[in-house]
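Architecture and fold: a report
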Amino acid sequence: MGMVRNAFVATFLVDMYAKCGNMEKARGVFDGMPKKDIVTWGATIQRFASVSSLSMEKVKKAGLASLLKILPPVEFCCVYGSALHPNNYDKSTMVDYILGVSDPMQWHSQNLVMNGHHYASLMAYLGRAKLITQVADEIGVGVHFNPFVSVNDEMFKYGVVRMHDLVEDVLNWKTFYLSGRLQKPAHSHVWILIETSWPLGDHVQILVDNLDIANLNSVNLKGAISAALLLLPAKFTEEQLYAKVCSLSYMGDLRMLFAEDRNKVKKIVQGQFDLFQTMYKPLLEEYAAKGLLQFSSSDGHQAIMSQDCGLSVARSLVSSLPSQLRSQMGMRLGEKTKFRESGRVIHEVVFGSRDEATECMRRVLRRKVMVSSARQAVSGLLAVGGVNAVNYLANKMEKAWKSWT
């Protein structure tokens, strides 16, 4: 390409060609400039870095899409896991999927034909789809996982759950197994697909949402904020709030004793702080507008917050917890019935102090997580077979050991 002597015009052309994806012409204009000032260098580096990042995104999306292309259709798909973290360079790390389907038995029947090698031999050849579904429902928490699935040199683990069970957990924290995962920004990127729609979205984006998952999960996120605020002191940082939200689903998790990184919560929050802000800031502003918390100051990177630890605010926070959690707290502390003008019946948990409510909620959540994690561990052992179970546990324990040494 001929030399472009006007620096302003040349910089504009470099930017234009780069935006169009023609990096060869952009480089040609840049190389042909007789004089390059700091503005030209800055604009060029920024644009080339941006295009490089977009190219990497396309490669990442294509890799994630490769698994769904070989599976039967799903109604919901959430991709998460440490393999998606931008600072993760371990290619052996599995990318985790949660797949929502209307009829798990029918879905597994189709998948056994298409991908029988994804399943343990006992499940694939003896029990078939009926046993797979029974083990997930009656022993586990309704999720069947297939780990160590290799597609195009990528390693995947996917869990299949009934859509009804997913919705129940998101709204009511029935098992607090999947809802806890959806309270985190899924390690840098979350792609949610309904009815295998293409292409994949960017970051936290829903392309087609026939089941209104985004709205349902906002209920889940509000419950997480309320629970975290009850567990926090009068003054705290934004990072401490996100860490408390993140830790909810690990309270009582048996894996944290021996098979999880002891710094897991800290790494998740610090590694994805911006995404936590994107996910929770609108809801925090809503809570501030209701007087449930105050943004007292900011250090430029994160907000410093405070809250009223009085009984009135505690009652408001408890009332915004998921219904099943409130019901279980009511069984321990007692509850009273109120009638709204609309005719709706409200059951309020009775407690004499904030500390009493907080401790009760902590115990209920801890027991819920402990039972769910234990049930799913047993279910997973039966579902994936001895060899895969040992390999998976060994990988987890290796990570845990590294965090302790």
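Keep in mind that what you see is a predicted model, and the values were worked out from it rather than measured. Starting afresh in each chain, residues are numbered from 1 along the sequence in its written order. A pLDDT threshold of at least 70 governs which residues receive local features in this predicted model, and a stricter bar of 80 or more applies before side-chain atom pairs are shown or counted, although totals over entire chains, interfaces and linings include all residues. To obtain the side-chain values, all non-hydrogen atoms of the structure were used and water was disregarded.

1. Observations regarding the pairing of strand 9 (residues 303-306)
In the case of a regular strand, side chains alternate between the two sheet surfaces. Convention followed: The buried label goes to any residue with under 20% of its type's maximum accessible area, the exposed label to any with over 50%, and the partly exposed label to all in between, with areas taken from a 1.4 Å probe on protein chains only. Only DSSP runs of H or I reaching four residues or more are called helices, and only runs of E reaching two or more are called strands; each is numbered from the N terminus. Strands pair, by our definition, only if DSSP identifies at least two bridges between them.
Residues Ala303 and Met305 line one face of strand 9 and the alternating positions Ile304 and Ser306 line the opposite face, and both faces are buried. In this sheet, strand 9 lies alongside strand 7 (residues 235-237) in antiparallel orientation, the contact comprising 3 bridges. Residue pairing across strands places Phe236 opposite Met305, the latter belonging to strand 9. Here 4 bridges tie strand 8 (residues 294-298) to strand 9, and the two strands are oriented antiparallel to one another. Within strand 9, the residue paired with Gln294 across the bridge is Ser306.

2. What to know about the sheet that holds strand 9
Worth spelling out the cut-off: A fitted line through C-alpha atoms represents every axis, and for helices the fit uses only the stretch in contact; the resulting angles, taken between N-to-C directions, go from 0 to 180 degrees. By the convention used here, residues are in contact when the closest approach between their heavy atoms is within 4.5 Å.
The strand order across the open sheet formed by 3 strands is 7-9-8, and the pairing between neighbours is antiparallel. Where the open sheet ends on each side, the last strands, each with one partner, are strand 7 and strand 8. Put simply, the sheet's adjacent strands are angled 30° from each other on average, direction ignored. Helix 9 (residues 238-247) contacts strand 7 and strand 9 of the sheet and is inclined by roughly 85° relative to strand 7.

3. Some points on the packing of helix 14 (residues 323-333) against helix 15 (residues 354-384)
Cut-off, in case you're wondering: In this scheme the handedness of a crossing depends on how the near helix is turned from the far one: anticlockwise by less than a right angle means left-handed, clockwise means right-handed.
One can describe the packing of helix 14 onto helix 15 by two numbers: an axis separation of 10 Å at closest approach and a directional angle of 120°. For the crossing formed where helix 14 meets helix 15, the hand is right-handed. Mapping the contact onto sequence places Gln324, Leu325, Gln328, Met329, Arg332 and Leu333 in helix 14 and Glu356, Ala357, Cys360, Met361, Arg363, Val364, Leu365, Arg367 and Lys368 in helix 15.

4. Some remarks on the confidence of the model for the chain
In low-pLDDT regions, the fine details of the predicted coordinates are not to be read closely. Threshold: One confidence number per residue, pLDDT, is output by the predictor and ranges from 0 to 100.
Chain-level statistics for the chain give a pLDDT mean of 78 and a share of 65% at 70 or above. The model gives residues 1-5 a pLDDT under 50, and that stretch makes 13 contacts with residues more than four places away or in other chains. Every residue in residues 51-59 scores below 50 in pLDDT, and together they form 4 contacts with partners more than four places removed in sequence or on other chains.

5. What about the pattern of salt bridges?
Threshold: For salt bridges, the criterion is a side-chain nitrogen of Lys or Arg within 4 Å of an Asp or Glu carboxyl oxygen.
One pass over the full model with this rule turns up 8 salt bridges. With a closest N to O distance of 3.4 Å, Arg362 and Glu359 form a salt bridge. Here the residue Arg362 and the residue Glu359 both occupy positions in helix 15, the gap between them amounting to 3 residues, near one helical turn. Overall, the relative accessible area of 32% leaves Glu359 in the partly exposed class.

6. Regarding the packing of aromatic side chains
Here is the rule: Pairs were defined over the aromatic rings of Phe, Tyr and Trp, the Trp ring being its six-membered one, requiring ring centres within 6.5 Å. Orientation was assigned from the angle between planes: stacked under 30 degrees, edge-to-face over 60, tilted for the rest. Remark: a charge is flagged as sitting over a ring if the NZ atom of Lys or the CZ atom of Arg is within 6 Å of the ring centre and within 35 degrees of the ring normal.
A complete count under the given rule lists 7 aromatic pairs for this structure. Ring centres of Tyr242 and Phe276 lie 5.4 Å apart, and the angle between their planes is 20°; this geometry places the pair in the stacked category. Remark: Phe276 occurs in helix 12 (residues 273-289) and Tyr242 occurs in helix 9; sequence separation between them is 34 residues. For the ring pair Phe276 and Tyr280, a centre distance of 6.3 Å and an interplane angle of 15° mean the geometry is stacked. Note that Phe276 and Tyr280 are positioned in helix 12 at a spacing of 4 residues, about one turn of the helix. What makes Tyr280 buried here is its relative accessible area of 1%. Among the aromatic residues, those joined into a cluster by ring pairs are Tyr242, Phe273, Phe276 and Tyr280. Lying across the ring of Phe145, Lys157 places its NZ or CZ 5.0 Å from the centre.

7. Here's the deal with unusual backbone geometry
Residues apart from glycine generally show negative phi values, whereas peptide bonds are mostly found in trans. A positive phi angle is found at Trp173, which is not glycine, with a value near 55°. With respect to the secondary-structure elements, Trp173 resides in the loop between helix 6 (163-172) and helix 7 (178-181). You will see that Phe176, though not glycine, has its phi angle at about 55°, which is positive. Turning to its location among the elements, Phe176 is positioned in the loop between helix 6 and helix 7.

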